[in-house]
Amino acid sequence: MVTSRLSVSIAGLQLENPTMLASGILGYSAETLGSIAAGGAGADITKSIGLKPRVGYANPTVVQANCGLINAMGLPNPGIDEFVEEIHEAKRLLSVPLIVSVYGFSAEEYEKIVKKAVEAGADAVELNVSCPHVKETGSEIGQNPKVLSEVVRKVRCTAKKPVFVKLSPNVTSICEVAEAAVEAGADALTAINTVKAMAIDAETMMPVLGNKVGGLSGPAIKPIALRCIYEIYERVKVPIIGCGGVTSWQDAVEYFLAGASAVQVGTAIATEGPTVFRTITRGTDVYLKTKGFASVREIVGLSHRR
Ligand code: RRO
């Protein structure tokens with residue numbers, strides 16, 4: 001559904017509605033990205049892409065938890081050189097913006113991948129500096145403000161498109177990291193990646209996941225994400241994109257009130273199907289109309305008023 005009440009601009013990126021496909025779910029092919037856009041998403045974000053192909057971890061890579069999923073995929077991806085074909089195809093197919101998620105093992109790697117993704121047609125990039133369980137990338141970068149700044153600064157210098165930075169909740173102070181990212185040039189922040197977690201099988205008496213440790217997503221982490229957004233909103237001026245357990249329009253509205261300008265949906269696609277985007281935008285639209293707001297932008301951060 002498209003109404004002017006729902007349109008937003010995130011760091012110059014125009015979205016017909018404030019929902020996005022979260023990275024890591026169905027973001028490998030142009031075809032699946034198309035099915036998510038058909039389900040009503042305002043933008044698509046790809047699975048995180050690196051410089052070289054990666055197989056990922058051994059199975060099992062996903063396990064169900066109470067109110068969520070724990071995954072340890074291990075960054076499986078075809079590498080940017082092969083993925084540029086998929087970006088070209090997705091750009092031919094999609095009528096919504098395409099955001100390419102990028103990970104690297106150094107600032108130089110991030111810069112190289114971003115350059116190729118943007119040349120291939122990415123409308124924006126999201127730097128994954130928050131994967132909770134792959135050594136020497138992800139949260140090992142995003143937990144260290146100095147290393148994070150170097151990555152963001154390098155990418156911001158060359159990228160000709162908006163740069164989003166996806167933050168880890170697995171830190172002592174998410175605000176400190178958020179401020180470092182913004183000072184280094186981040187155009188928007190995505191909060192949050194998954195929460196470090198694990199599952200153990202009482203029968204086998206062993207960890208369930210092939211990697212033992214993974215990241216928890218879904219409704220279980222919604223209150224954590226909401227708190228992170230609320231705190232970050234008080235400290236930085238760039239748009240925040242909320243991520244973590246958004247399943248219903250009520251969840252989305254709570255995120256907007258906490259300070260998010262848009263929301264990402266991931267795990268809910270597994271439980272509700274791709275049309276969850278349309279359900280969320282329709283519900284949000286009715287809420288805004290009923291409450292007398294002309295735009296979703298008017299409720300961003302409204303819970304902070306004193
Ligand atoms: O691929 C993964 O295992 C993964 C990634 Br890149 C991430 O950012 N967050 C996550 O929970 N899993």
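Each residue is numbered by its place in its chain's sequence as written, counting from 1. The predicted origin of the model limits local features to residues at a pLDDT of at least 70 and limits the giving and counting of side-chain atom pairs to 80 or more, whereas totals for whole chains, interfaces and linings rest on all residues. Computation of side-chain values covers all heavy atoms of the structure but excludes hydrogens and water.

## Quick notes on the site of the ligand
Working step 1: In the vicinity of the ligand, the contacting residues are Lys47, Asn71, Ala72, Met73, Gly74, Leu75, Asn128, Cys131, Pro132, His133, Asn193 and Thr194.
Working step 2: In protein, a polar contact means a hydrogen-donor-capable atom and an acceptor-capable atom, both N or O and within 3.5 Å, with residues adjacent in sequence counting only if both atoms are side-chain atoms; elsewhere, any N or O pair within 3.5 Å suffices. Contacts to the ligand include asparagine 71, whose side-chain N or O atom sits 2.9 Å from a nitrogen atom.
Working step 3: Contact between the ligand and threonine 194: an oxygen atom at 2.6 Å from a side-chain N or O atom of the residue.
Working step 4: Each accessible area value is a Shrake-Rupley result obtained with a 1.4 Å probe; residue values ignore everything except the protein chains displayed when judging cover. Against a free-state accessible area of 310 Å², the protein chains account for coverage of 93% of the ligand.
Working step 5: Put simply, Ala, Val, Leu, Ile, Met, Phe, Trp, Tyr, Cys and Pro go in the nonpolar bin, Asp, Glu, Lys and Arg in the charged bin, and everything else, Gly too, in the polar bin. A class-by-class count of the residues in the shell around the ligand yields 5 nonpolar, 6 polar and 1 charged. Residues are labelled near a given molecule or strand when at least one of their non-hydrogen atoms is within 4 Å of it.

## Observations regarding the pattern of salt bridges
Any two side chains of opposite charge can pair, given that their charged atoms come close.
Working step 1: Salt bridges are identified by distance alone: a Lys or Arg side-chain nitrogen within 4 Å of an Asp or Glu carboxyl oxygen. As enumerated under the stated definition, the model contains 11 salt bridges in all.
Working step 2: Close ionic contact of lysine 222 with aspartate 251 constitutes a salt bridge, the shortest N to O distance being 2.9 Å. Of the two residues, lysine 222 is situated in helix H7 (residues 222-233) and aspartate 251 in helix H8 (residues 249-258); the sequence distance between them amounts to 29 residues.
Working step 3: In this structure, the salt-bridge partner of arginine 227 is glutamate 231, at a minimum N-O distance of 3.4 Å. With arginine 227 and glutamate 231 both in helix H7 and 4 residues apart, the pair spans about one turn of that helix.
Working step 4: Among the ionic contacts, a cluster of salt bridges with common partners joins Lys222, Asp251 and Glu254. A run of H or I in DSSP counts as a helix once it spans at least four residues, and a run of E counts as a strand once it spans at least two, with each numbered from the N terminus.

## Examining the packing of helix H5 (residues 145-158) against helix H6 (residues 174-183)
Working step 1: The angle between two axes is taken between their N-to-C directions and runs from 0 to 180 degrees, where each axis is a line fitted to C-alpha atoms and a helix contributes only its stretch in contact. Contact geometry for H5 and H6: axes closest at 8 Å, N-to-C directions at 30 degrees. Between H5 and H6, the crossing angle belongs to the class labelled roughly parallel. In the packing of H5 onto H6, the handedness of the crossing is right-handed. On H6, the residues touching Pro145, Leu148, Ser149, Val152 and Arg153 of H5 are Glu176, Val177, Ala180, Ala181 and Glu183.
Working step 2: Taken together, the residues of the contact of H5 with H6 break down into 6 nonpolar, 1 polar and 3 charged. Geometric relationships in this document are graded by angle, where less than 35 degrees denotes roughly parallel, more than 145 denotes roughly antiparallel, 65 to 115 denotes roughly perpendicular, and other angles denote oblique. Helix crossings fall into two classes, left-handed where the near helix is turned counterclockwise from the far one by less than a right angle and right-handed where it is turned clockwise. Note on contacts: a residue pair is in contact if any heavy atoms of the two residues lie within 4.5 Å.

## Thoughts on the environment of glutamate 82
Working step 1: With respect to the helices, strands and loops of the structure, glutamate 82 is situated in helix H2 (residues 80-93).
Working step 2: In this structure glutamate 82 comes out as exposed when scored by relative accessible area, which is 57%.
Working step 3: As a C-alpha pair, glutamate 82 and glutamine 250 span 168 residues in sequence and 39 Å in three-dimensional space. The buried label applies to any residue whose accessible area, calculated with a 1.4 Å probe on protein chains only, is under 20% of its type's maximum; exposed applies above 50%, and partly exposed to all values in between.

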